[in-house]
Amino acid sequence: MSISRRQFMKKCAAAAAPIIAESASAMADEPTKTAERDHQTGRLGIVIHSYGIRRGHRPSGFADPLVFLEYCRKLGAGGVQVSLGRGDDAFVGRVTDAVRASGMYLEGIAGLPRDQADVARFNDELRTAKECGATVVRTVMLSGRRYETFDSADAFRKFADRSWQSLVLAKPVVERHGVRLAVENHKDWRVPELLGILKRIDSPNIGVTLDTGNSIALLEEPHEVVEAYAPYTFTLHFKDMAVAEYNDGFLLSEVPLGTGFVDLARIIKLVRDKRPEANFNLEMITRDPLRVPCLGTKYWATFADLPAKELARTLAMVRDTAAKQPLPRISDLSLDDKLAREDENVRASLQFARQRLFA
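None of the values given here were measured: they were computed from a predicted structure.

Broken down by element type, the protein carries 13 helices and eleven strands. By residue count, 57% of the 359 residues in the protein fall in the buried class. About 15,600 Å² of surface is accessible on the protein, with carbon and sulfur atoms providing 50% of the total.

Listed below in C-alpha cells is the structure:
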C-alpha cells in the first residue's frame, strides 16, 4: 500500500530517533586485517571519482580497475574504491593477485538492483567484488542531487518508494555474499531519513558510505552529520569543502585537504571512536563549484517540513567560513590542464593526510 510523502518522512524520522541513540554493536563486524594495517600505516585510500576527468579520457585506461589500482599504489595510497563490474575467473584472479602484491585494500562500487530482473546483475557484481577481496561495496540511491532532480514532493515520494524496493531486493543478496553494502549520503537523504531507512531495513550488512561534504547541500552541518552517521559507517568519502555566497544561495566546492573549512581531525576521531575499521577514501572531485540554490523555489519542492532555522544556520555558516579567495574553476582550462589540476589536487591531499592527519 502506498503512503504519502509526509507519512513516509514521519516514519523515517520516527525510526531514526532510536537508531541515533542505541548502540551500533549489532552492526559491528570484526575489523579486517587490511583495514587494521592501513590504520597503522596511516595511508588514505582513493575513490575512482577523484579521477573523474581522467577516467573519461580513454587513453588513461582508468576504466580498468587494475590500471587505477597500480596508479594509486605508485601515489602511496592505502587502498582504492572502484567499480569491478561482472568479472570472470581470470579477471578475479588478476585483481586478487594485484591487490595482494600491492598491500592495499579494495572496496567495490555497485548500483542497487532497479527491479527483480536486475537482481542477477547486482548478484554478479557483489560476487565479483567478494571474490576479488572487497568486503565493502559502496552504493547510492540517487545518482543526482535532490534539489535538481525533483520538481515536486510527489516525484520525490515515488523515488523514495523505488529506492526502498531496490534496497529490499538487495538485502538477501548482500547477506548471502557476506559483504557490507554502504549507502552513501549522496545529496538525497537528510540524516533522519537515511537513518530511518537503515533502521527499517534492519540488516547488519547494510550501513553507510559517509561522505563528509555532501550533506552541506541539504542544509546540514557537516560535523553533526559525521557524528550521526559514524556508528553506522562502513567506509568514507573523505573530503574538505569550501563555500561562498551567491545570489540564489551558496557555492560548494571540494578542495584539497587542509584548504577548506571542515575540521578533518575532528572527523577522523569521531569515526574512529565508533567504527575503527572504516577506511578513509579520498574523494577529491576537481570541477567548478556546485550551485546550491537554497533561496530558490524549486529547491524547497521536497522540503516542505524543513524548519527555516536550518536555512538560517547554513547561510550563517557560509558567511562565517566563506573562502577568502574565489573558489576554483576548471571549465575554461584545456583538457591537459584539467588533467594536471586533477592530479595535483589528489597528490596535495595525500601529502597533507600523510603529514598532518594520519602521521
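Having seen the model, we can carry on.
With that settled, the discussion passes to the pattern of salt bridges. Considering all chains together, one arrives at 26 salt bridges under this definition. Between Arg121 and Asp118 there is a salt bridge whose closest N-O contact spans 2.6 Å. What makes Arg121 buried here is its relative accessible area of 12%. Accessibility expressed as a relative area gives 6% for Asp118, which makes it buried. Here Glu310 and Arg313 are joined by a salt bridge, their closest N and O atoms 3.6 Å apart.

Strand order in this closed barrel of eight strands is 1-2-3-4-5-6-7-10, and the pairing throughout is parallel. The mean angle between the axes of side-by-side strands here comes to 30°, regardless of whether they run parallel or antiparallel. The strands touched by helix 4 (residues 65-75) are strand 1 (45-47) and strand 2 (79-83); relative to strand 2, the strand with the most contacts, the crossing angle is about 160°.

Let us look at unusual backbone geometry. Residues other than glycine seldom take positive phi values, yet Lys187 does so here, at roughly 55°. When you line up the elements, Lys187 lands in the loop between strand 5 (180-184) and helix 9 (191-201). Under the relative-accessibility criterion, Lys187 is labelled buried at 6%. The residue Asp202 is not glycine, and still its phi comes out positive at about 55°. Among the structural elements, Asp202 can be located in the loop between helix 9 and strand 6 (206-211).

The subject of this paragraph is the side chain of His223. Mapped onto the secondary structure, His223 falls in helix 10 (residues 222-229). In this structure the side chain of His223 is engaged in a polar contact, spanning 2.8 Å, whose partner is the side chain of Glu221. At 2.9 Å, the side chain of His223 and the backbone nitrogen of Asp263 are in polar contact. Each residue touching His223, except ones within four places of it in the same chain, is listed here: Val262, Asp263, Arg266, Ile267 and Leu270.

This part covers the packing of aromatic side chains. Overall, the coordinates contain 17 aromatic pairs when judged by the stated rule. With centroids separated by 5.5 Å and ring planes inclined at 70°, the aromatic side chains of Phe62 and Phe68 adopt a geometry described as edge-to-face. Given a relative accessible area of 0%, Phe68 falls into the buried group. A ring pair is formed by Tyr299 and Phe303, whose centres lie 5.4 Å apart and whose planes are at 35°; its orientation type is tilted. On the basis of relative accessible area, Phe303 is assigned to the buried category, the value being 4%.

The rules behind the values
Residues numbered from 1 in each chain as written. Predicted model: local features only at pLDDT ≥ 70, side-chain atom pairs only at ≥ 80, totals over all residues. Heavy atoms only, no water. Helix = DSSP H or I, 4+ residues; strand = E, 2+ residues; numbered from the N terminus. Buried < 20%, exposed > 50% of the residue type's maximum accessible area, 1.4 Å probe, protein only. Areas by Shrake-Rupley, 256 points an atom, 1.4 Å probe, with all protein chains shown as cover. Salt bridge = Lys/Arg side-chain N within 4 Å of Asp/Glu carboxyl O. Pairing = 2+ DSSP bridges. Axes fitted to C-alpha atoms, helices over the stretch in contact; angles between N-to-C directions. Contact = heavy atoms within 4.5 Å. Polar contact = N/O pair within 3.5 Å; in protein donor to acceptor, adjacent residues only side chain to side chain. Phe/Tyr/Trp six-rings, centres within 6.5 Å; stacked < 30°, edge-to-face > 60°.

All quantities given are derived from atomic positions and should not be read as evidence of function.
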